[in-house]
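# Per-entry structural report
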Amino acid sequence: MKNWILTLGLAISICGLSSCGSSPEANKTYTTGSTKVLVDETFKPILEDQLAVFDSEYPAADIDALYKSENELLKDFLTGDIRVAVLSRLLNDEEKNFYENKKINIRVRRFAVDGIALITHKSAEDSTATVEDIINVLRGNPGKIRSLVFDNPNSSTVRYLKEVAGVKELPSQGVYALKSNPEVIRYVNDHPGTIGVTGINWIRQPEEGLEQIIPNLKVLGVRNLPGKPGSDDFYKPTQSNIALKRYPLTRNLYIMNAQGGPGLGSGLAAFLYGERGQRIVLKSGLLPDSIPPREIRIIK
């Protein structure tokens, strides 16, 4: 009975998500069948948590998550072979054309807000940085920050901070890109004085092998540019600071579904922004799109 009710709830919540067009996948229901989902690897910890609960709740559903950099993800999503994706930006007009030409409406829903964290070894004297410091290093100008270490040259984190700095290319010195977020964490731990850039979820929920490293690191407080929210002090990427728009380095998490009809893409989307999924986001350290209500029972 419980599973039937949950399935019905999902169906009701996503009944408006279906659109014209057919998917190459064989999914016809919201909680059964199989599908592949492209996921920005920056958000691997939170999606692994979500999928673990979704799979346990709906054992007839088989979702295969493919974790890739943002650039690699978009290449695959815009071929139409895989029609569900989790990423941190909306498609531009040119990117939308592939599905619009097929008369398939892409359903997009935000389900969380992430904070990009600047991390360093706890032995470092400084515990703060400004957005201006970040802009200077990304423009190749001398400043307080001598270097930044990123996860991947094709990552959403690099793209986001390039937009903040207003640059199209990274400087030849002072900016380094590795291959993954775990590599950034290990590098910062092994090279005191360096500053790494990673999603806050990787610090709040480190994968196996990183648990012993995280206590050696600290997250920097960041102050925004003058005249903007968060310019009055140095703020860390906590849920409250993200919610109050005091922390300056934030980005939305979206799930995009172009399956063109009923399927696991719609079911997963409804789960992510439903109460269960939002509670998982809340527990992860990211900010949920909608804060789940708390029920307090008073026994007289």
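Up top is the structure.
Residue numbers restart at each chain and count upward from 1, following the sequence in its written direction. Residues qualify for local features only when their pLDDT is at least 70, as the model is predicted, and side-chain atom pairs are given and counted only at 80 or more; totals for whole chains, interfaces and linings, by contrast, use all residues. Note: side-chain values were computed over all heavy atoms of the structure, leaving out hydrogens and water.

## Regarding the overall build of the protein chain
- Only DSSP runs of H or I with at least four residues qualify as helices, and only runs of E with at least two residues qualify as strands; both kinds are numbered from the N terminus onward. Along its length, the protein chain carries 11 helices and 12 strands.
- Working rule for contacts: check all heavy atoms of both residues, and any pair within 4.5 Å makes them a contact. A sequence separation of at least 24 residues applies to 74% of the contacts in the protein chain between residues at least 6 apart.
- Accessible surface, the protein chain as shown: approximately 14800 Å² in total, 50% of it carbon and sulfur. Using the Shrake-Rupley algorithm and a 1.4 Å probe, accessible areas are obtained, with residue cover drawn only from the displayed protein chains.

## Comments concerning the packing of aromatic side chains
- To pair, rings of Phe, Tyr and Trp, with the six-membered ring standing in for Trp, must have centres within 6.5 Å; the planes then decide the type, stacked if under 30 degrees apart, edge-to-face if over 60, and tilted in the middle. Under the defined criterion, the tally for this structure stands at four aromatic pairs.
- On the basis of an interplanar angle of 55 degrees and a centroid distance of 5.0 Å, the ring pair of Phe54 and Tyr58 is categorised as tilted. In this structure, Phe54 and Tyr58 share a single accessibility class: buried.
- Centroid distance Phe77 to Tyr99: 5.4 Å. Interplanar angle 45 degrees. Geometry classified as tilted. One end of the pair, Phe77, is in helix H3 (residues 70-77); the other, Tyr99, is in helix H4 (residues 93-100), with 22 residues separating them in the sequence. This pair shows no difference in class: Phe77 is buried, exactly as Tyr99 is.
- Members of the aromatic cluster, joined through ring pairs, are Phe54, Tyr58 and Phe271.
- Distance and angle both matter: a charge sits over a ring if NZ of Lys or CZ of Arg is within 6 Å of the ring centre and within 35 degrees of the ring normal. Above the ring of Tyr67, the side-chain terminus of Lys44 is found at 5.5 Å from the ring centroid. Using a 1.4 Å probe on the protein chains alone, a residue whose accessible area is under 20% of its type maximum counts as buried, one over 50% counts as exposed, and one in between counts as partly exposed.

## Notes on the side chain of Gln50
- Mapped onto the secondary structure, Gln50 falls in helix H2 (residues 44-57).
- Taking the relative accessible area as the measure of exposure, Gln50 reaches 0% and is therefore buried.
- Pairing of N or O atoms within 3.5 Å defines a polar contact, subject to two protein rules: one partner must be a possible hydrogen donor and the other a possible acceptor, and residues neighboring in sequence count only if both atoms are side-chain atoms. For Gln50, the side chain forms a polar contact with the main-chain oxygen of Gly277, separated by 2.9 Å.
- Aside from chain neighbours lying at most four places away, what touches Gln50 is Phe271, Leu272, Gly277, Ile280 and Val281.

## Observations regarding the side chain of Arg89
- Of note, Arg89 is situated in the loop between strand S3 (84-87) and H4.
- Judged by its relative accessible area of 17%, Arg89 falls in the buried class.
- Side chain to side chain, Arg89 and Glu95 meet in a polar contact 2.7 Å long.
- Residue contacts for Arg89: discarding those within four places in its chain leaves Glu70, Leu74, Glu95, Arg159, Tyr254 and Met256.

## Points about unusual backbone geometry
- Positive phi, normally seen in glycine, also occurs at Lys103, with a value near 60 degrees.
- With respect to the helices and strands, Lys103 occurs in the loop between H4 and strand S4 (107-121).
- For Lys103, a relative accessible area of 66% puts it in the exposed group.
- Even without glycine at this site, Lys245 takes up a positive phi of about 60 degrees.
- When you line up the elements, Lys245 lands in the loop between helix H9 (239-243) and strand S11 (250-257).

## Considerations on the environment of Val219
- Tracing the chain through its elements places Val219 in strand S9 (residues 217-219).
- Residue Val219 is classed as buried on the basis of its relative accessible area, which comes to 14%.
- For the pair Val219 and Val197, spaced 22 residues apart in sequence, the C-alpha separation works out to 9.9 Å.
- Each residue touching Val219, except ones within four places of it in the same chain, is listed here: Ala117, Leu118, Ile119, Ile200, Ile203, Lys236 and Pro237.

## Examining the pairing of S3
- Covered by surrounding structure in S3 are Val84 and Val86 together with Ala85 and Leu87, the residues of both alternating faces.
- Both strand S1 (residues 33-40) and S3 contribute to a ladder of two bridges, which runs parallel. Considered in S3, the bridge of Leu38 is made with Ala85.
- At least two bridges found by DSSP between two strands is the condition for calling them paired. Both S3 and S11 contribute to a ladder of four bridges, which runs antiparallel. Opposite Val86, over in S11, you have Ile255 as the bridge partner.

## Details of the nonpolar core
- In this structure, Phe54, Phe111, Ile119, Ile185, Ile255 and Leu268 are the most contacted members of the largest nonpolar core, which totals 42 residues.
- Once residues within four sequence positions are removed from consideration, Leu268 is found in contact with Val37, Leu51, Phe54, Ile63 and Ile255.
- In terms of nonpolar packing, the next biggest core, distinct from the first, is built from 24 residues, Val131, Val137, Leu148 and Phe150 among them. Buried residues of nine kinds, namely Ala, Val, Leu, Ile, Met, Phe, Trp, Tyr and Cys, make up a nonpolar core once their side-chain atoms join them within 4.5 Å.

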